[in-house]
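Listed below are the residues making up each chain.
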Amino acid sequence: MKELFPTSPAPIVHNQFNEVRELFSRYVVPSYGRFEIALSHGAGSYVWDVSGKRYLDLGGGIAVTSLGHANPEITEALIEQSRRLVHVSNLYFQGPQGRLAQQIVRHLAPGKVFFCNSGAEANEGLYKVARKFGHDEGRFEILTAINSFHGRTLGGIAATGQEKVKKGFEPIVPGFRHVPFNDLDAVKAAISPATVAVLIEGIQGEGGITPASVEYLLGLRKLCDEHRLLLLMDAVQCGHFRSGRFQSFQRILEGAPDASAFLPDGISMAKSLGGGFPIGAFWLREPFQDLLGPGSHGTTFGGTPLGCAVANKVFEVIERDGLAGHVRALGDWLKTELNRLGETYPGVVRGGRGLGFMLGLELQPKEAVKAFRDVDRPASMQLCDRLHDAGLLLIPSGTQIVRLLPAFNLSRAQAEEGVSILASVIRSLA
Ligand SMILES: *Cc1c(COP(=O)(O)O)cnc(C)c1O
């Protein structure tokens, strides 16, 4: 691989990386475990590091760069809107935000949208909607799933069903309880007089690429109706066409009897929505869309003309180019290839997981793979290290799974290139 992409002279290469690395060591809060790569620029599904080495990016900035890096149409939308109006307060009306809300509603069902800046913040909005909904009856408790991920705010870590995000930040915000995912009886058993909502991901992302089952989704809807609970879905990672449909539940429920009536009461979004521009949102269905009245919720930067203009462009390009269908077809192909890796190298790979462009490659336990020598580093990270050497970016998900969350306009040739790099690295481990 390396010979194909000649790099700059070694000493300069070295210095550029060290310079950036040093700035981070000195001045950036060390809250992330970062890989030893400093990126410089990108084009489509490729990124280059400061030494000039090229990587095929199938991680998409963790499901964010939905139209690839430095997409000229996004650049144009940014330039055009920034010439007109970058920001106005939410004290005023403006066109781009109204049009983006209309787009989201048009893809779901009658309701309304609130705009914010991130996934965690979109979920915070949903927690507030749930509390408002149950307030007069003293109901406030939200049930979420074990292995879920809902963001890093205080509310987000309380909602997240993983101990590692909570550790050291106690006391945890009250009002959340976790139940096993895809287990309807567990939800049923957990409902208390204080329960007001259930929040799940359609496909768990950080928890290891696990889709909700048809029975779980339909059963939750019924259960929530019976107990007057809000059914809330965190679509921050799995939404916005990533599954091959606008929402993952639409893909999961395809062909299931009685599925057409399924609709959650609220959906949070972010990541792919802005194609790289930070924007989040939540949608509320009728009759809950006016629960948050004037003065009850807000954020300075939420739904700026600039962010909304970009998100409108992302919608436009996805629809114009039929990218949902492309994600679906190429995602199916990729998943077949991931499963094939499992069949060819059963000592290293368990198989593929997921839907559309939200895919995971599940590895065998670290102890079973001799080549994963570092006892302290999870198998998923050790695989990513080796993939980086070979020029491929993927995203670890937990200790056993690496994720593919590529741009929706990834070509078949690029997908094949990715599979070929992955296969050669896996072969070297077998
Ligand atoms: C990434 C993610 C979040 C948090 O989004 P941020 O923009 O990082 O705040 C919440 N929920 C899910 C499912 C996510 O994948």
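All figures in this text were calculated on a predicted structure; none of them were measured in a lab.

## Quick look at the site of the ligand
Link 1 in the chain: Close contacts around the ligand come from Ser118, Gly119, Ala120, Asn123, Phe149, His150, Gly151, Glu201, Asp234, Val236, Gln237 and Lys271, and that covers them all.
Link 2 in the chain: Between the ligand and the protein, one listed contact pairs a nitrogen atom with a backbone N or O atom of phenylalanine 149 at 3.2 Å.
Link 3 in the chain: In the model, an oxygen atom of the ligand is placed 2.7 Å from a nitrogen or oxygen of the glutamine 237 side chain.
Link 4 in the chain: Look at the ligand: alone it shows 390 Å² of surface, and the protein chains cover 81% of it.
Link 5 in the chain: Ranked by residues supplied to the shell around the ligand, first place goes to helix H5 (residues 119-134) with three residues.
Link 6 in the chain: In terms of residue class, the shell around the ligand is made up of three nonpolar, six polar and three charged.

## Examining the pairing of strand S17 (residues 401-404)
Link 1 in the chain: Of the two faces of S17, the one holding Ile401 and Arg403 and the one holding Val402 and Leu404 are both buried throughout.
Link 2 in the chain: One ladder, built from four bridges, connects strand S14 (residues 358-363) with S17; its direction is antiparallel. Bridging across to S17, leucine 359 finds its partner in leucine 404.
Link 3 in the chain: As paired elements, strand S16 (residues 395-397) and S17 share three bridges and run antiparallel to each other. Of the residues in S17, the one forming a bridge with proline 396 is valine 402.
Link 4 in the chain: In sequence, S16 turns back onto S17 through a hairpin of three residues, with glycine 398 there showing a positive phi of about 70°.

## Examining the nonpolar core
Link 1 in the chain: By size, the foremost hydrophobic cluster in this structure holds 99 residues, and its most contacted members are Ile104, Val198, Leu217, Trp283, Leu334, Leu361 and Leu383.
Link 2 in the chain: With near-sequence residues (within four places) excluded, leucine 361 lies in contact with Leu338, Leu341, Val349, Gly351, Leu383, Gln400, Ile401, Val402, Leu422 and Ile426.

## Details of the side chain of serine 272
Link 1 in the chain: For serine 272, the position within the fold is in the loop between strand S11 (266-269) and strand S12 (280-285).
Link 2 in the chain: Relative accessible area serves as the criterion here: at 1%, serine 272 is assigned to the buried category.
Link 3 in the chain: With residues near it in sequence (within four places) discarded, serine 272 still touches Ala63, Val64, Ser66, His240, Arg242, Val314 and Phe408.

## Thoughts on the pattern of salt bridges
Pairs may arise between side chains of opposite charge once their charged atoms sit close together.
Link 1 in the chain: Across all of its chains, the model carries 26 salt bridges by this definition.
Link 2 in the chain: Residue arginine 221 is joined to aspartate 225 by a salt bridge in which the shortest nitrogen-to-oxygen separation is 2.8 Å. Of the two residues, arginine 221 and aspartate 225 both sit in helix H9 (residues 214-227), four residues apart, roughly one turn of that helix.
Link 3 in the chain: A relative accessible area of 49% places aspartate 225 in the partly exposed class.
Link 4 in the chain: When the shortest N-O distance is used, the salt bridge between arginine 350 and glutamate 362 registers 3.4 Å. Residue arginine 350 is located in strand S13 (residues 349-355), and its partner glutamate 362 is located in strand S14; the two are separated by twelve residues in the primary sequence.
Link 5 in the chain: Here glutamate 362 falls in the buried class, since its relative accessible area comes to 18%.

## Considering the environment of glycine 325
Link 1 in the chain: In this fold, glycine 325 is placed in helix H12 (residues 323-344).
Link 2 in the chain: Residue classification places glycine 325 among the partly exposed positions, given a relative accessible area of 43%.
Link 3 in the chain: Separated by 202 residues in sequence, glycine 325 and asparagine 123 place their C-alpha atoms 28 Å apart.

## Topic: the sheet that holds S14
Link 1 in the chain: Reading across the sheet, the four strands line up as S13-S14-S17-S16 and stay open at both edges, with antiparallel pairing between neighbours. Of all the strands in the sheet, the pair left with one neighbour each is S13 and S16. Between one strand axis and the next, the sheet turns by 30° as a mean value, whatever way the strands run.
Link 2 in the chain: On top of the sheet, H12 reaches S13, S14 and S17; it is set at about 165° to S13, its chief contact.

## Quick look at the packing of helix H13 (residues 379-389) against helix H14 (residues 412-429)
Link 1 in the chain: Relative orientation of the contacting elements H13 and H14 amounts to 120°, with a least axis distance of 10 Å. Here H13 is positioned oblique relative to H14, judged by the angle of their axes. You can see that H13 and H14 cross each other, and the crossing is right-handed. Here Leu383, Arg386 and Leu387 of H13 come into contact with H14, specifically with Leu422, Val425, Ile426, Ser428 and Leu429.
Link 2 in the chain: The residue makeup of the contact of H13 with H14, split by class, is six nonpolar, one polar and one charged.

## A closer look at the domain arrangement of the protein
Link 1 in the chain: Domain assignment breaks the protein into domain 1 (17-58 + 322-429) and domain 2 (74-320).
Link 2 in the chain: Each side of the interface is counted separately: domain 1 has 21 residues, and domain 2 has 25 residues.
Link 3 in the chain: Counting each side, the surface lost to burial between domain 1 and domain 2 is near 1800 Å², with a carbon and sulfur contribution of 56%.
Link 4 in the chain: Of all residues in domain 1, Leu355, Met358 and Phe408 give up the largest surface area on contact with domain 2, accounting jointly for 36% of the area buried on that side.
Link 5 in the chain: Taken together, the links from domain 1 to domain 2 amount to three salt bridges.
Link 6 in the chain: Our count for the contact surface shared by domain 1 and domain 2 stands at 16 residue pairs in polar contact (both at pLDDT 80 or more).
Link 7 in the chain: Of all elements in the fold, only H12, S13, S14 and S17 reach the threshold of two or more residues within the side of domain 1 that touches domain 2.
Link 8 in the chain: For the side of domain 1 that touches domain 2, the element with the highest residue contribution is H12, accounting for five residues.
Link 9 in the chain: Grouping the constituent residues of the side of domain 1 that touches domain 2 by class yields eleven nonpolar, six polar and four charged.

## Description of helix H3 (residues 72-84)
Link 1 in the chain: Spanning 13 residues, H3 covers 19 Å between terminal C-alpha atoms, matching the ideal 18 Å at 1.5 Å per step.
Link 2 in the chain: Among the residues of H3, Ile74, Ala77 and Gln81 are the ones counted as buried. The buried residues of H3 occupy an angular sector of 60° when the element is viewed end-on, so they sit on one face. For H3, exposure combined with an orientation more than 90 degrees from the buried face picks out Pro72 and Arg83.
Link 3 in the chain: Buried residues belonging to H3 abut helix H4 (95-107) and helix H11 (305-320).

The rules behind these values
- Residues numbered from 1 in each chain as written.
- Predicted model: local features only at pLDDT ≥ 70, side-chain atom pairs only at ≥ 80, totals over all residues.
- Heavy atoms only, no water.
- Near = heavy atom within 4 Å.
- Polar contact = N/O pair within 3.5 Å; in protein donor to acceptor, adjacent residues only side chain to side chain.
- Areas by Shrake-Rupley, 256 points an atom, 1.4 Å probe, with all protein chains shown as cover.
- Helix = DSSP H or I, 4+ residues; strand = E, 2+ residues; numbered from the N terminus.
- Nonpolar A, V, L, I, M, F, W, Y, C, P; charged D, E, K, R; others polar.
- Buried < 20%, exposed > 50% of the residue type's maximum accessible area, 1.4 Å probe, protein only.
- Pairing = 2+ DSSP bridges.
- Core = buried A, V, L, I, M, F, W, Y, C linked by side-chain atoms within 4.5 Å.
- Contact = heavy atoms within 4.5 Å.
- Salt bridge = Lys/Arg side-chain N within 4 Å of Asp/Glu carboxyl O.
- Axes fitted to C-alpha atoms, helices over the stretch in contact; angles between N-to-C directions.
- Parallel < 35°, antiparallel > 145°, perpendicular 65-115°, else oblique.
- Left-handed = near helix turned anticlockwise from the far one by under 90°.
- Domains from an automatic or database assignment.
- Buried area = accessible area lost by both parts, 1.4 Å probe.
- Expected span 1.5 Å × (residues − 1).
- Arc of directions from axis to C-beta.

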